[in-house]
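Chain residues, written in single-letter form:
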Amino acid sequence: MALLTLSSPHTRGTNRTSRIMATVALATLPGLAVMTWLFGYGTLINTVLAIVTALLSEAIVLKMRRYPVSFFLKDNTALVTGLLLGLALPPLAPWWITVFATAFSIIFAKQIYGGIGNNPFNPAMVGYALVLISFPVQMTTNWAVSFQVSGQDVASFSDTLSMIFASAPGMTDAYTGATPLDQDKHLIGQQTSEQVLQASTFNGWLNGGWEWVNLAFLAGGLFLLARKIITWHIPISMLVALAVCSLVLGWDADAYTPVTLHMLSGATMLGAFFIATDPVSASTTPTGKIIYGTGIGILVYLIRTWGAYPDAVAFAVLLMNFTAPFIDAYTQPRSYGHKKAKRGLKSGDQ
């Protein structure tokens with residue numbers, strides 16, 4: 001009978017992977033609740049669908065690899081991957097977008113590399129980037145508009161199910177619209193900032209309702225910091241870098257997206273506290289985390305401002321995933337008993 005081999009140390013502590021992932025999932029609930037309140041049931045439905053797909057995909061691959069399915073499913077990493085994808089995808093995206101993105105994340109971005117702890121890229125962002133590039137129409141035309149902006153009640157639960165699973169285009173059009181970042185990106189070079197803010201996407205609200213979503217994810221992120229599930233280095237350095245770029249390069253509000261829109265729209269807070277802080281694909285040294293987070297913040301600003309996509313968290317995180325091993329190699333702290341830190345790539349590291 002094959003024995004399950006586990007690496008040392010063998011002492012048991014309270015911060016097991018399953019407990020950490022469960023805490024992360026709990027911290028996303030304020031953001032999920034606010035998104036459901038403002039934009040309707042789409043995010044909630046997609047989140048449940050993504051979690052079920054993630055767990056099934058992981059179970060199938062584990063069974064094929066002859067690994068103990070229940071043992072690895074209980075670490076809650078697949079659950080968090082599905083949860084983050086459900087939160088990141090458009091609320092009214094067709095069901096197959098959610099299933100395809102989630103299955104690809106688990107199978108090709110996680111399990112194909114050996115499972116938990118071995119994936120070089122953030123699995124959720126790999127799936128998101130894939131469907132964004134492959135299905136741009138479905139990923140850009142199914143963003144729900146908040147009831148504050150539309151002036152009408154959100155779609156009922158049954159109508160939302162019809163839009164997601166039956167793809168009712170006429171019904172979907174009544175509840176969807178451009179996101180604030182998308183609207184500002186396409187109008188800011190042609191109109192003044194005051195004219196842009198009068199667009200239907202904003203309708204007098206600061207960021208079309210997305211400011212409340214980002215504040216909710218900020219609250220969840222502060223909860224993770226208080227519980228010491230994550231450290232401040234990556235989220236704070238990312239947000240500071242994004243804010244500084246917005247203030248320095250985007251000082252003219254009539255030509256560039258204002259800092260308030262960058263900080264409180266799109267996936268800014270979700271990305272800073274829940275996506276960029278992935279312990280497997282991110283940098284691990286204190287200095288490296290600051291460099292890593294700063295790089296994400298700069299890339300988010302550059303892609304949002306001059307790139308083809310209005311929101312850039314997924315691409316920024318994946319690009320910095322490439323650099324994380326290199327950053328860690330050159331930012332190793334001094335080991336106890338040594339005068340200098342051992343930094344850089346050695347001949348045997350190739």
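Residues numbered from 1 in each chain as written. Predicted model: local features only at pLDDT ≥ 70, side-chain atom pairs only at ≥ 80, totals over all residues. Heavy atoms only, no water.

**Side note on the overall build of the chain**
Cut-off, in case you're wondering: A run of H or I in DSSP becomes a helix once it reaches four residues, and a run of E becomes a strand once it reaches two; helices and strands are each numbered from the N terminus. Exposure classes here rest on a 1.4 Å probe applied to the protein chains alone. A residue is buried below 20% of its type maximum, exposed above 50%, and partly exposed in between. Only the protein chains shown count as cover for residues, with accessible areas throughout obtained via the Shrake-Rupley method and a probe of 1.4 Å.
Secondary structure summary: the chain contains 18 helices and zero strands in total. Across the 350 residues that make up the chain, the buried fraction comes to 49%. Just so you have it, the chain exposes about 17,000 Å², and 64% of that area is on carbon and sulfur atoms.

**Considering the packing of aromatic side chains**
To keep it simple, the criterion reads: Only Phe, Tyr and Trp rings are paired, with Trp represented by its six-membered ring, and only when their centres lie within 6.5 Å; those with planes under 30 degrees apart are stacked, over 60 edge-to-face, the remainder tilted. For a Lys NZ or an Arg CZ to count as sitting over a ring, it must be within 6 Å of the ring centre and within 35 degrees of the ring normal.
For the structure on display, the rule yields 16 aromatic pairs. With a centroid separation of 6.2 Å and an interplanar angle of 75°, the aromatic rings of tyrosine 256 and tryptophan 306 are classed as edge-to-face. Note that tyrosine 256 is positioned in the loop between α14 (233-249) and α15 (259-263) and tryptophan 306 in helix α17 (residues 286-306), a separation of 50 residues in sequence. The exposure class assigned to tryptophan 306 is exposed, which follows from its relative accessible area of 53%. Site record: aromatic cluster; members linked through ring pairs are Trp96, Phe100, Phe104, Phe108 and Phe135. Sitting over the face of the ring of tyrosine 67, arginine 65 holds its NZ or CZ atom 4.4 Å from the ring centroid.

**Comments concerning a nonpolar patch on the surface**
Put simply, the test is: Note that patches include only residues with greater than 30% relative accessible area and no salt bridge, and the join distances are 9 Å for like charges and 5 Å for nonpolar side chains (Val, Leu, Ile, Met, Phe, Trp, Tyr). The term salt bridge refers to a pairing of a side-chain nitrogen on Lys or Arg with a carboxyl oxygen on Asp or Glu at a separation within 4 Å.
Taken together, Trp232, Ile236, Val240, Val244, Leu247, Val248, Leu249, Ile290, Ile298, Leu302 and Trp306 make up a surface patch of nonpolar side chains, about 980 Å² in accessible area. Every element with two or more residues in the nonpolar patch is listed here: α14 and α17. Per-element tally for the nonpolar patch: the top contributor is α14, with six residues. Mapped onto the elements, leucine 302 comes out in helix α17.

**Side note on the packing of helix α6 (residues 123-134) against helix α18 (residues 313-329)**
As a reminder, the rule being used: Every angle, taken between N-to-C directions, lies between 0 and 180 degrees, and every axis is a line fitted to C-alpha atoms, over only the stretch in contact when it is a helix. By the definition adopted for this analysis, an angle is roughly parallel if under 35 degrees, roughly antiparallel if over 145, roughly perpendicular if from 65 to 115, and oblique otherwise. Left-handed describes a crossing whose near helix is turned anticlockwise from the far helix through less than a right angle; right-handed describes the clockwise counterpart. Should any heavy atoms of two residues lie within 4.5 Å, those residues are considered in contact. By the convention adopted, Pro, Cys, Tyr, Trp, Phe, Met, Ile, Leu, Val and Ala count as nonpolar, Lys, Arg, Asp and Glu as charged, and the other residues, Gly among them, as polar.
It is the contact of α6 with α18, at a shortest axis distance of 9 Å, that shows an interaxial angle of 125°. Comparing the axis directions of α6 and α18 gives the class oblique. Where α6 crosses over α18, the two elements pack in a sense that is left-handed. Contact with α6, carried on its side by Met125, Val126, Tyr128, Ala129, Leu132 and Ile133, involves Ala314, Phe315, Val317 and Leu318 of α18 and no other residues of that element. Its residues assigned to classes, the contact of α6 with α18 shows ten nonpolar, no polar and no charged.

**Overview of helix α2 (residues 42-64)**
Basically, it comes down to this: Helix span, as expected, comes to 1.5 Å for every residue beyond the first.
A rise of 1.5 Å per residue sets the reference length of α2, with its 23 residues, at 33 Å; its end C-alpha atoms lie 33 Å apart and thus fit the reference within 8%. Following α2 by one or two positions, arginine 66 has its phi on the positive side, about 60°.

**Digging into the side chain of threonine 77**
The residue threonine 77 is located in helix α4 (residues 77-88) in this model. A relative accessible area of 11% means that threonine 77 is categorised as buried. For threonine 77, the residues in contact, after removing those within four places along its chain, are Thr17, Met21, Glu58, Lys110 and Ile116.

**What to know about the environment of aspartate 278**
Test applied: Here a polar contact means two N or O atoms within 3.5 Å. Within protein one must be a hydrogen donor candidate and the other an acceptor candidate, and residues neighboring in sequence count only if both atoms are side-chain atoms.
Tracing the backbone through its elements, the reader meets aspartate 278 in the loop between α16 (268-275) and α17. In this structure the C-alpha to C-alpha distance between aspartate 278 and phenylalanine 121, which are 157 residues apart in sequence, comes to 9.3 Å. Residues within four places of aspartate 278 in sequence aside, it is in contact with Asn119, Asn122 and Pro123. A polar side-chain atom of aspartate 278 sits 2.5 Å from a polar atom in the side chain of serine 281.

**Here's the deal with the nonpolar core**
For the record, the criterion: Side-chain atoms within 4.5 Å link the members of a nonpolar core, which is a set of buried Ala, Val, Leu, Ile, Met, Phe, Trp, Tyr and Cys residues.
In this structure, Tyr128, Phe274, Tyr292 and Ile296 are the most contacted members of the largest nonpolar core, which totals 74 residues. Every residue in contact with isoleucine 296, bar those within four places of it in the chain, is listed here: Met238, Ala276, Ala316, Val317 and Met320.

Spatial relationships are all this shows, so hold off on functional conclusions.
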